[in-house]
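Analysis of the macromolecular model
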Amino acid sequence: MKNFLKQIERLKNNKINHFIINRKFDVLNNDIIKSIILSGSFNPVHSGHRSLLEYVSNLLNRNKYYEISIMNVDKPALSVEELLSRIPNFSFDEKIIITNSSKFIDKVKIFPDTCFIVGYDTAVRILDESYLSDNETLDEFLNMVSSKNCFFMVAGRVDENGKFNNLKSDQIKEKYRSLFMIIGEEDFRSDISSTDIR
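Reading the values: rules and limits
- Sequence positions are assigned chain by chain, starting from 1 and proceeding in written order.
- Restriction of local features to residues with pLDDT of at least 70 applies here, the model being predicted, together with a cutoff of 80 or more for giving and counting side-chain atom pairs; totals for whole chains, interfaces and linings are based on all residues.
- With hydrogens and water stripped out, all remaining heavy atoms of the structure feed into the side-chain values.
- Buried Ala, Val, Leu, Ile, Met, Phe, Trp, Tyr and Cys residues form a nonpolar core when they are joined through side-chain atoms within 4.5 Å.
- The rule is simple: take the accessible area with a 1.4 Å probe, protein chains only, and divide by the maximum for that residue type; under 20% is buried, over 50% is exposed, in between is partly exposed.
- Between two residues, a contact is recorded if the distance between any of their heavy atoms is within 4.5 Å.
- Starting at the N terminus, helices and strands are each numbered in turn, a helix being any DSSP run of H or I of at least four residues and a strand any DSSP run of E of at least two.
- A pair of strands is treated as paired once DSSP finds two or more bridges between them.
- Polar contacts, as used here, are pairs of N or O atoms within 3.5 Å; protein pairs need one atom able to donate a hydrogen and one able to accept it. Residues neighboring in sequence count only if both atoms are side-chain atoms.
- For this document, the term salt bridge refers to a Lys or Arg side-chain nitrogen within 4 Å of an Asp or Glu carboxyl oxygen.
- Ring pairs shown here join Phe, Tyr and Trp side chains whose ring centres sit within 6.5 Å, with only the six-membered ring taken for Trp; geometry is labelled stacked below 30 degrees between planes, edge-to-face above 60, and tilted in between.

Here we come to the nonpolar core. Judged by nonpolar contacts, the single largest core of 31 residues is most densely connected at Ile68, Leu83, Ile87 and Ile98. Beyond its immediate sequence surroundings of up to four residues, Ile98 is in contact with Ile8, Leu11, Asn17, His18, Phe19, Ile21, Ile68, Ile70, Leu83 and Ile87. Formed by 28 residues, the second largest nonpolar core is a distinct cluster that contains Ile32, Ala123, Leu127 and Phe180.

This is the structure we're talking about:
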């Protein structure tokens, strides 16, 4: 625990950009290679998260990680207390990356050669230029994704009215469609949400 708290301080002070832990707060020294990363707040982590990560891992034969950013675009920063309550909900063999990178333009720089799993809502935000910094364009961002050999795996989500929504290829510029792999509803669907569990 002492090492975990030390790493959190280093992260907050921008001395590091990430570290990896398990549910016991052991700080791991793994290299993140050939990775799949599922980012989220995981409040709490649930079977839908696990089955999605497992599905993509089996499909692509890559190493799987969860990622929690202590910073968030739309929400207040995560406190240490919140992390202390969320991390023990993971399984012992699951690896969790802690970062201070709320935006994917930062994540792709830190984790090249990575498949990022995102839900429909997040994919829509990724393609929304208003979520980028003032001096960034969508073309620049997606060119960065490509140059870092990263891509997105998109899973559909059920909205509050019970309708299943997923990204459609015509929502993506043709030259960037190879950066988005869309999981069909017939291949994977999970209607569980952390909000419902809470």
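This part covers the pairing of strand β6 (residues 114–119). Most of β6 sits inside the fold, with 5 of its 6 residues counted as buried. By the bridge criterion, 4 bridges tie strand β3 (residues 35–39) to β6 in an arrangement that is parallel. Within β6, the position partnered with Ile37 by the bridge is Phe116. Bridge count between β6 and strand β7 (residues 151–155): 5 bridges; the pairing is parallel. Among the inter-strand pairings, Val118 is bridged to a residue of β7, identified as Val154.

Moving on: the side chain of Ser69. With respect to the helices, strands and loops of the structure, Ser69 is situated in strand β4 (residues 63–69). Look at Ser69 and you get buried, because its relative accessible area is 12%. Engagement of the side chain of Ser69 in a polar contact is seen with the backbone oxygen of Met71, the distance being 2.6 Å. A distance of 3.3 Å separates the side chain of Ser69 from the backbone oxygen of Ser101, its partner in a polar contact. Residue contacts for Ser69: discarding those within four places in its chain leaves Leu78, Thr99, Asn100, Ser101, Ser102 and Lys107.

Moving on to the side chain of Asn165. Considering the arrangement of structural elements, one finds Asn165 in strand β9 (residues 164–165). A polar atom in the side chain of Asn165 sits 3.3 Å from the side chain of Asp159.

If you walk through the whole model with that rule in mind, you get 8 salt bridges. Here Glu54 and Lys64 are joined by a salt bridge, their closest N and O atoms 3.3 Å apart. Here Glu54 is found in helix α2 (residues 47–60), whereas its partner Lys64 is found in strand β4, with 10 residues between them in sequence. Among the residues examined, Glu54 registers a relative accessible area of 33% and is labelled partly exposed.

One open sheet accounts for 8 strands, arranged β2-β1-β5-β4-β3-β6-β7-β10; its pairing is mixed. Looking along the sheet, the strands with just one partner apiece sit at the ends: β2 (27–28) and β10 (180–182). Pairing of strand β1 (residues 18–21) with β2, which is carried by 2 bridges, proceeds in the antiparallel orientation. Bridge pairing in β2 links Ile20 to Leu28.

Turning our eyes to something else, we now look at the packing of aromatic side chains. Applying the stated rule across the entire model yields 11 aromatic pairs. Centre to centre, the rings of Phe104 and Phe116 are 5.6 Å apart; their planes meet at 85°, and the pair counts as edge-to-face. Of this pair, Phe104 sits in helix α4 (residues 104–110) while Phe116 sits in strand β6, and the two are 12 residues apart along the sequence. Assessed through its relative accessible area of 0%, Phe116 is described here as buried. Residues Phe104 and Phe152 carry aromatic rings whose centres are separated by 5.5 Å and whose planes lie at 80° to one another, so their mutual orientation is edge-to-face. Within this pair, whereas Phe104 is found in helix α4, its partner Phe152 is found in strand β7, the two being separated by 48 residues in sequence. Take Phe152: its relative accessible area is 0%, and that puts it in the buried class. Aromatic ring contacts, followed pair by pair, group Phe104, Phe116, Phe141, Phe152 and Phe180 into a single cluster.

Don't take any of this as a statement about function, it's just geometry.
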